[in-house]
Amino acid sequence: ALYSFSVFDNNYNKVTFPMFAAAVKFNLSPALLENLGEDFLLFFYNDNSKIRLAVAVAVKNEALVAAEMLKQEETLPSDAEFLFLGNEPENNSGKFGQGFYRGAAVKYLNLSQQNTFSIDYIINDASLVIGTSKNTAQAVFDSLSIKGLLTEDILPTEKQENDSGD
């Protein structure tokens, strides 16, 4: 099962992605942060009885985010350490492989065969998805696709929420 969360501070104000990244020590380059939006969702996914995390962030410029992520790859496993929930990946470096999922380019680095840890990311014109396993990144991508959030804002707008009939 996949669960998504928005993050709020103690005063119930929505936390922006730059604030969240600083709070959890998600060490992304300033150039990358400049090209990511403020909206994001945090995901928990049950991947074969192992809890995996992912984050999906709004993208301002797909080409610039893709270029900056290539530069970030060298340190991404340690930069995104909070996503591993305290588990230590066996391998923290290497060359990212490339594949495709439902027409979108996927970059990945396998970090542990035993625990099925990896760092996978998918970028499209509306979002960057970073997950700690292939299944997690794909589940988040699928969830956002089904909700139409990969082609619009990553979070529902007030109008979309009101149109849901709730």
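Residues numbered from 1 in each chain as written. Predicted model: local features only at pLDDT ≥ 70, side-chain atom pairs only at ≥ 80, totals over all residues. Heavy atoms only, no water.

Undergrad: Help me understand the overall build of the chain, please; the structure alone is not making it clear to me.
TA: The helix and strand tally for the chain stands at six helices and seven strands. Shown N-terminal to C-terminal, the secondary structure of the chain runs as helices and strands in the order β-α-α-β-β-α-α-β-β-β-β-α-α. Taken across its 166 residues, the chain has 47% of its residues classed as buried. In the chain, the share of contacts with a sequence separation of at least 24, taken over all contacts with a separation of at least 6, comes to 53%. (Helix = DSSP H or I, 4+ residues; strand = E, 2+ residues; numbered from the N terminus. Buried < 20%, exposed > 50% of the residue type's maximum accessible area, 1.4 Å probe, protein only. Contact = heavy atoms within 4.5 Å.)

Undergrad: Even after reading the chapter, I still don't get the environment of Ile130, so can you show me in this structure?
TA: By the secondary structure assignment, Ile130 is in strand 7 (residues 127–131). Residue classification places Ile130 among the buried residues on the basis of a relative accessible area of 2%. Here the alpha-carbon distance between Ile130 and Phe43, two residues 87 residues apart in the chain, equals 9.9 Å. In contact with Ile130, not counting residues within four places along its chain, are Phe26, Leu53, Ala54, Val55, Met69, Leu83, Ile119, Asp120 and Tyr121.

Undergrad: Can you help me understand the nonpolar core in this one?
TA: Within soluble globular proteins, side chains that are nonpolar tend to cluster in buried spots. The biggest cluster of nonpolar side chains holds 30 residues, and the ones touching the most others in it are Phe17 and Phe26. Not counting the four nearest positions on each side in its chain, Phe26 is found in contact with Phe17, Ala21, Val55, Leu76, Asp79, Ala80, Phe82 and Ile130. Core analysis: the second largest hydrophobic core is formed by 13 residues, Ala54, Ala104, Ile122 and Ala137 among them. (Core = buried A, V, L, I, M, F, W, Y, C linked by side-chain atoms within 4.5 Å.)

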